[in-house]
Protein chains: 2
Amino acid sequence: MRVELLTVGDELLLGDTVNGNAAWLGRRLADHGVDVTRSVVVGDELDVIVAAVASALERADAVITTGGLGPTSDDLTRDALAAAAGVPLVRDPELERRLRERVARAGRELQPMALRMADVPKGAGVLANSAGSAPGLRVQLPGGVVYALPGVPHEMRTIMDEVVLPELARAAGLPAVARRTLRTDRVWESVVATKLAEVEAMEGVRLAYLPDPAEVKIRITVAGPDAAGRLEGVEARVRELLGSAVYGAEEDTLDRVVHRLLAARGETVATAESLTGGLIGAELTAMPGSSATYAGGMVTYATEAKHRLLGVPADLLAEHGAVHPDVAGAMAAGVRDTVGATYGLAVTGVAGPVTQDGQPVGTVYIGVAGPGDSRTVVSPKLPVPGAGPELRAVIRRMTVVHALELLRRVLLGLDAEDESEEAQADREDRD
Amino acid sequence: MRVELLTVGDELLLGDTVNGNAAWLGRRLADHGVDVTRSVVVGDELDVIVAAVASALERADAVITTGGLGPTSDDLTRDALAAAAGVPLVRDPELERRLRERVARAGRELQPMALRMADVPKGAGVLANSAGSAPGLRVQLPGGVVYALPGVPHEMRTIMDEVVLPELARAAGLPAVARRTLRTDRVWESVVATKLAEVEAMEGVRLAYLPDPAEVKIRITVAGPDAAGRLEGVEARVRELLGSAVYGAEEDTLDRVVHRLLAARGETVATAESLTGGLIGAELTAMPGSSATYAGGMVTYATEAKHRLLGVPADLLAEHGAVHPDVAGAMAAGVRDTVGATYGLAVTGVAGPVTQDGQPVGTVYIGVAGPGDSRTVVSPKLPVPGAGPELRAVIRRMTVVHALELLRRVLLGLDAEDESEEAQADREDRD
């Protein structure tokens, strides 16, 4: 089954909004074995929308549109679908009733123009929108079916999951592909491709290394008969080959992995940050219930604050400056004791664009201090991308990921740095 | 001049990557008076790319493609453009030389397949890529001109700004529109539309309120003769009508505005965060040179940490819990003195999904403590969007924005809360 996406909205062509809906739809449909073969964005123009729907249905079996279902005069998707079907728009009394009720419940006044959201191309199916005002629509045209969804992401996703995806999956038959995304410790990125050569050679199996400047994600796709069953076996083999480098799958983000490990032992972590400014604490507080394992933290941006607030020895700072492995270790121990946690996690380094304490941009030290004052410090070699204005932000983000990975490794008793021959060569390669 | 965008890449259809390039291009072209009339995404398939280029040139004067210029067998844009022009690919000796040199300088070995990046459709123009390996291309076809750019964002933007935009702007003549985006304090969002009615009524002037859950951005577009000159006058009138609510324009983010205000007086701020977990510190450290004005901060996630680390009175916490205006004020004063800064900025509240200390989700108190122990505390009414999994993240993000806005207002000596009739009605309206 071939599906095309049609996103309607001037703001997308003008670049005011990035097309997150199309990305989500592409991913969701792919997970259900439905191929998105083209994705088009057009503006709020009736004739253009009508023409785009028509040409999409010359190529594909179904079209999913988002946007243009709101109450304003710029919202033209309903009109376009009515025109494409050669039918009038008809006011649906039940939709009108629900709309009036919803507006009244919110204590607001109904704008007359909003009643357009109760109009439906004659004969079209209405897709209930439990999360918003405008319903989705299903319009059967000679060339195929059009699903029209609201542009508000949460509403669009709800209608997709509840109504459209089940219909498309049924129409397409059993999924022809099964997918699984594994997430791995980035120390392994150069090693992974070598180790997984045998899996890449398997019939009907494809491995994709998903682009991300900070995280390593491997998507396994198995196509063919019993794709789901085969996928289980392939995933097991990949995990066996990569061992402890695999920390999770799908949406298992590092912060959740770390929280689970700490919670299982009734342990906590505190954070001491310099260049990251609070980003690690923000990651560790993203998950509801994180207060059980995240004790709190400090942003010790100035060198002297590392001494005054965390007890990093003054002579250490005087001799080496703030960017030094022993400083990372002392910061970790200091925040562990000051905030009060089982572990302290600390970062110090140079995000740029200027050097600091004689250290080049991208020099970062990450420390974990645990019970018995055990200290582990690493210095990840951050691949420095083509110089651009995003460098500072990229270095900060990569430091966050490396910090959470180090904490995970310490909690699992794994080597802090991968000492395999390939990883060493990789590090030298980057220097 | 009508331009269409064609983004090439399977990963975009699969939703692995969001189409940030298309958004940037749409914005950049619009700023130069060039309309993007359609944006299409296709996969890595030769025939599909050829057909998409052809149909785009039936509708538009120029097409800008991104992606498909890399060294792998999936990179088919060069081949597609050669096919569309009916010419062979020719190896450019100068490009080959520069490629070999670039690879050697990085201490790497040249993969034979990478030499594809030195191939050029015969007769095409080469657009130098100072930031990467693959050059851009300019191909003249019967229907119009095609600019092919690399997909790597930084490289694409460099070639656009250095080569393509100047060409397109020259071809289009003087820009027919001029645009300016103003950024305003969100306290004003309901008031803005009323106050700006007179501007909206001006001939050739359009105001757009750009969608963003946390910030209020107003884009002024003026079309017609002397658009740039008229824009100056319109902007001045908007600023006059909105007064101090306007805090900046274009990319003047709140953190930069706050840094400028503090730096001008040689003052500093420290942050104490609970529900935001470090996000405010992260904002205030995003800008290079922020150490001059950001002193550091604390993430006091647990209630007792607010007492132990910041000196919030224990009886206050015992009586009211951690979510209370006086707690926000005490946290702000405490971090100001503990970290050592001119101002302390603190937030306490309930990000959800569960209530805390009897307070509903979305209850947030923000405090600023300054010299002479002046304290200002506000409780923004956070519009709670349709319940969805993003709620916690949205509440945290909006709290960050409100916190920086409060600090700005305190620094400028403005009312912490807008007491106008409309703003009060707006607050009641949201309750």
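Small disclaimer: the values here were computed from a predicted structure and weren't measured.

Engineer: How should I be thinking about the pattern of salt bridges in this particular structure?
Structural biologist: Here the idea is simple: oppositely charged side chains can pair when their charged atoms come close. Scanning the model with the defined rule gives 49 salt bridges over all chains in all. A salt bridge links Arg27 of chain B to Glu251 of chain B; the nearest nitrogen and oxygen atoms lie 3.9 Å apart. Within this pair, whereas Arg27 of chain B is found in helix H2 (residues 20–31), its partner Glu251 of chain B is found in the loop between strand E12 (246–249) and helix H10 (254–265), the two being separated by 224 residues in sequence. When its relative accessible area of 33% is taken as the criterion, Arg27 of chain B is described as partly exposed. Residue Glu251 of chain B is classed as exposed on the basis of its relative accessible area, which comes to 54%. Put simply, Asp337 of chain B and Arg336 of chain B hold a salt bridge, and the shortest N to O gap is 3.0 Å. Each of the salt bridges in this network shares a partner with another, and the network as a whole consists of Glu94, Arg97, Arg98, Glu101 and Arg105 of chain A.

Engineer: Explain the UniProt feature "domain: MoaB/Mog" (unreviewed entry) in chain A to me, please; I cannot follow it from the model alone.
Structural biologist: Feature annotation in UniProt assigns "domain: MoaB/Mog" (unreviewed entry) to the following positions: residues 4–171 of chain A. Between the C-alpha atoms that bound residues 4–171 of chain A there is a distance of 15 Å. The span itself is 42% helix and 23% strand.

Engineer: Looking at this model, I keep getting lost on the nonpolar core. Mind explaining?
Structural biologist: Where a protein is soluble and globular, its nonpolar side chains tend to be buried together. Among the nonpolar cores identified, the biggest contains 57 residues, and Leu6 of chain A together with Leu6 of chain B are the most heavily contacted of them. At six residues, the largest contribution of residues to this core is made by helix H3 (residues 46–59) of chain B. Beyond its immediate stretch of four places on either side in the chain, Leu6 of chain A contacts Val40, Val42, Ile49, Ala52, Val53, Val63, Ile64, Thr65 and Thr66 of chain A. Listed in part, the 42 residues of the second largest apolar core include Ala295, Ala305, Ala322 and Val327 of chain B.

Engineer: What am I meant to see in the pairing of strand E9 (residues 177–184) of chain A here?
Structural biologist: Every regular strand shows the same layout, with side chains that alternate between the two sheet faces. Residues and elements named next belong to chain A. The buried fraction of E9 amounts to seven of the eight residues, a majority that puts the element mostly inside the structure. Strand direction decides the pairing type here: E9 and strand E11 (residues 216–223), joined by eight bridges, are antiparallel. Bridging across to E11, Leu182 finds its partner in Ile218. Inspection of the sheet shows E9 paired to strand E12 (residues 246–249) by three bridges, in the antiparallel sense. What sits directly across from Thr184, in E12, is Val246.

Engineer: Explain helix H15 (residues 391–412) of chain B to me, please; I cannot follow it from the model alone.
Structural biologist: Owing to its 3.6 residues per turn, the α-helix aligns residues three or four sequence positions apart on the same side. Residue and element names in this part refer to chain B. Taking 1.5 Å of rise per residue, the 22 residues of H15 would be expected to cover 32 Å, and the 31 Å separating its terminal C-alpha atoms lies within 8% of that figure. Of all 22 residues in H15, 18 are buried, a share of seventy percent or more. Residue Gly413 follows H15 closely and has a positive phi angle near 70°.

Calculation criteria
For every chain, the first residue of its written sequence is number 1, and the numbers climb from 1 along that sequence. Naming scheme: in the order in which they are written, chains are lettered from A and ligands are numbered from 1. Only residues with pLDDT of at least 70 are given local features in this predicted model, and only at 80 or more are side-chain atom pairs given and counted; all residues enter the totals for whole chains, interfaces and linings. For the side-chain quantities, the full set of heavy atoms in the structure was used; hydrogens and water were omitted. By definition here, a salt bridge exists when the distance from a side-chain nitrogen of Lys or Arg to a carboxyl oxygen of Asp or Glu is within 4 Å. Here a strand is any run of E in DSSP of at least two residues, a helix any run of H or I of at least four, and the numbering for each starts at the N terminus. Three exposure classes are used, based on accessible area relative to the maximum for each residue type with a 1.4 Å probe and protein chains only: buried under 20%, partly exposed in between, and exposed over 50%. UniProt positions are given in the numbering used here, feature names are shortened, and annotations may be inferred rather than shown by experiment. Buried Ala, Val, Leu, Ile, Met, Phe, Trp, Tyr and Cys residues form a nonpolar core when they are joined through side-chain atoms within 4.5 Å. Note on contacts: a residue pair qualifies if any of its non-hydrogen atoms lie within 4.5 Å across the two residues. Strand pairing is defined by DSSP finding a minimum of two bridges between the two strands. Residue count minus one, scaled by 1.5 Å, sets the expected span of a helix.

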